[in-house]
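Topology and contacts: notes
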Amino acid sequence: MQRIRLRYTKRGRLRFTSHRDFQRAFERALRRAEVPMAYSAGFTPHPKVSYANAAPTGTGSEAEYLEIALTERRDPEALRLLLDESLPDGLDIVDAVEAATSGLSDRLTASVWELRLEGVAPGDAERAVAAFLAADAVEVRRTTKNGVRTFDARAAVAHLEAAPAPSDRPGQGPCAILRLVVRHVTPAVRPDDVLSGLRAVADLAPPVPAAVTRLAQGLFDEESGTVTDPLAPDREAVTAAPPKAAGPAAAPEPAGAGSA
């Protein structure tokens, strides 16, 4: 069985696609591309697809990951192209590598997010960021299926900065950009929780909902403060592996064979 790991995106209007909707679209793409999928056992077999830490509905993403299991070997790049052609624009397969290591989910320990705040002056965003970072703890409340939960949003934020939006952007009025690195902790801290924290400590309240995009996710390097590519270990392992032999070596011919 061959395992392939894929990175895909949710762009434009497709950011509003739920995880369940993406699952259905991806399974249809597998059938269209005639991918030789491995299936689970039991009364209702389903293709072996493992999803890792999907972004919330309504957020864009450049770094979603999944793994598929195949019954026949395929070239990862050729498979990526076939699947990408079979998905709608906005759901794009942008990277593929053969799984040569274990523990993909264990390497997704942090995410890099960008929040676009229309109607917020960059100076106001900078002051709110400074107040948030200066706080020892920032308690926020979120309504869950088990009721209202209160937790600290500050502890999960490894980096947070404000910047003005590009000058060539469409639209009028002020706009600030927040870039943050959030560790994957329990309970999970989401970008909207950080916005709730900024409202709590600095009364920062964007007049329109923020446009949220995940730029990357992977292993958080505490020393450099960066998030590394989770597929890099697989690429390195495949590159370092010796080439596989085409088949078993022919047995030496016995002495005297072929003589009368």
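Everything below is about the structure shown above.
So, how was this worked out
All residue numbers refer to position in the chain's written sequence, counted from 1. Side-chain atom pairs in this predicted model are given and counted only at pLDDT of 80 or more, local residue features only at pLDDT of at least 70, and totals for whole chains, interfaces and linings cover all residues. Derived side-chain values reflect all non-hydrogen atoms in the structure, with water molecules and hydrogen atoms excluded from consideration. Under the scheme applied here, a residue whose accessible area is under 20% of the maximum for its type counts as buried, over 50% as exposed, and between as partly exposed, the area being computed with a 1.4 Å probe on protein chains only. Going along the chain from the N terminus, every DSSP run of H or I of four or more residues is numbered as a helix, and every run of E of two or more is numbered as a strand. Strand pairing is assigned whenever DSSP identifies at least 2 bridges connecting the two strands. Helix axes are fitted only over the stretch in contact, all axes being lines through C-alpha atoms; the angle between N-to-C directions runs from 0 to 180 degrees. Here is the rule for angles: anything less than 35 degrees is roughly parallel, anything more than 145 is roughly antiparallel, 65 through 115 is roughly perpendicular, and the remaining ranges are oblique. Note on definitions: a residue-residue contact is assigned when non-hydrogen atoms from the two residues lie within 4.5 Å. Residues are grouped as follows: Ala, Val, Leu, Ile, Met, Phe, Trp, Tyr, Cys and Pro are nonpolar; Asp, Glu, Lys and Arg are charged; all remaining types, including Gly, are polar. Polar contacts, as used here, are pairs of N or O atoms within 3.5 Å; protein pairs need one atom able to donate a hydrogen and one able to accept it. Residues neighboring in sequence count only if both atoms are side-chain atoms. The sign given to each residue is positive for Lys and Arg and negative for Asp and Glu; His and the chain ends receive no count. Basic side-chain nitrogens of Lys or Arg form a salt bridge, by our definition, when they fall within 4 Å of a carboxyl oxygen of Asp or Glu. Side-chain rings of Phe, Tyr and Trp, where Trp is taken by its six-membered ring, are said to pair if the distance between their centres is within 6.5 Å; with planes under 30 degrees apart they count as stacked, over 60 as edge-to-face, and otherwise as tilted. Residue types Ala, Val, Leu, Ile, Met, Phe, Trp, Tyr and Cys, when buried and joined through side-chain atoms within 4.5 Å, form a set referred to as a nonpolar core.

Regarding the pairing of strand β1 (residues 2–10)
Burial of β1 is extensive: seven of the nine residues sit out of reach of the surface. Here β1 runs beside strand β3 (residues 60–70); their pairing, made up of eight bridges, is antiparallel. For Y8, the partnering residue across the bridge sits in β3 and is E64.

Some remarks on the packing of helix α3 (residues 122–134) against helix α4 (residues 191–202)
Running from N to C, α3 and α4 point in directions that differ by 95 degrees, and their axes come no closer than 9 Å. Looking at the two axes, α3 sits roughly perpendicular to α4. Where α3 approaches α4, its residues A128, V129, A131 and F132 are matched on the opposing element by V194, G197, L198, V201 and A202. Residue classes in the contact of α3 with α4 are distributed as eight nonpolar, one polar and no charged.

Some remarks on the side chain of R107
Looking at where R107 falls in the secondary structure, it is placed in the loop between β4 (93–98) and β5 (110–118). On the basis of relative accessible area, R107 is assigned to the buried category, the value being 12%. Among the polar contacts listed, one links the side chain of R107 to the backbone oxygen of S102, at a separation of 3.2 Å. Apart from the residues within four sequence positions on either side, R107 is in contact with R5, T101, S102, G218, L219, P230, P233 and D234.

Observations regarding the side chain of R154
Along the polypeptide, R154 turns up in the loop between β7 (147–152) and β8 (157–164). Buried and without a salt bridge, R154 has D152 as its closest oppositely charged side chain, separated by 7.1 Å. At 3.5 Å, the side chain of R154 and the backbone oxygen of L133 are in polar contact. For R154, the residues in contact, after removing those within four places along its chain, are F132, L133, A135, D136, A137 and V138.

Side note on the packing of aromatic side chains
Here the structure, examined in full by the defined rule, presents three aromatic pairs. With a centroid separation of 6.2 Å and 80 degrees between ring planes, the pair formed by F22 and Y51 is classed as edge-to-face. One end of the pair, F22, is in helix α1 (residues 19–32); the other, Y51, is in strand β2 (residues 49–52), with 29 residues separating them in the sequence. Of the residues examined, F22 reaches a relative accessible area of 2% and is grouped as buried. With relative accessibility at 21%, the residue Y51 sits in the partly exposed group. Joined through ring pairs, the aromatic side chains of Y8, F22, F26 and Y51 make up one cluster.

Observations concerning the nonpolar core
Ranked by size, the top nonpolar core spans 28 residues in total, and within it L115, L160, L178 and L198 carry the most contacts. Within the residue set of this core, elements represented by two or more residues are β5, α3, β8, β9 (175–183) and α4. Beyond its immediate sequence surroundings of up to four residues, L160 is in contact with V129, F132, L133, L178, R179, L180 and L198. Counting residues in hydrophobic clusters, the runner-up holds 21 residues, among them Y8, M37, L83 and L91.

Some details on the pattern of salt bridges
On inspection of all chains with the given rule, the structure shows 19 salt bridges. Linking D234 and R107 is a salt bridge whose minimum nitrogen-to-oxygen distance equals 3.0 Å. Here the residue D234 occupies a position in helix α5 (residues 232–240), and R107 occupies one in the loop between β4 and β5, the gap between them amounting to 127 residues. Side by side, D234 and R107 carry an identical accessibility label, which is buried.

That's the geometry; what it means functionally is another story.
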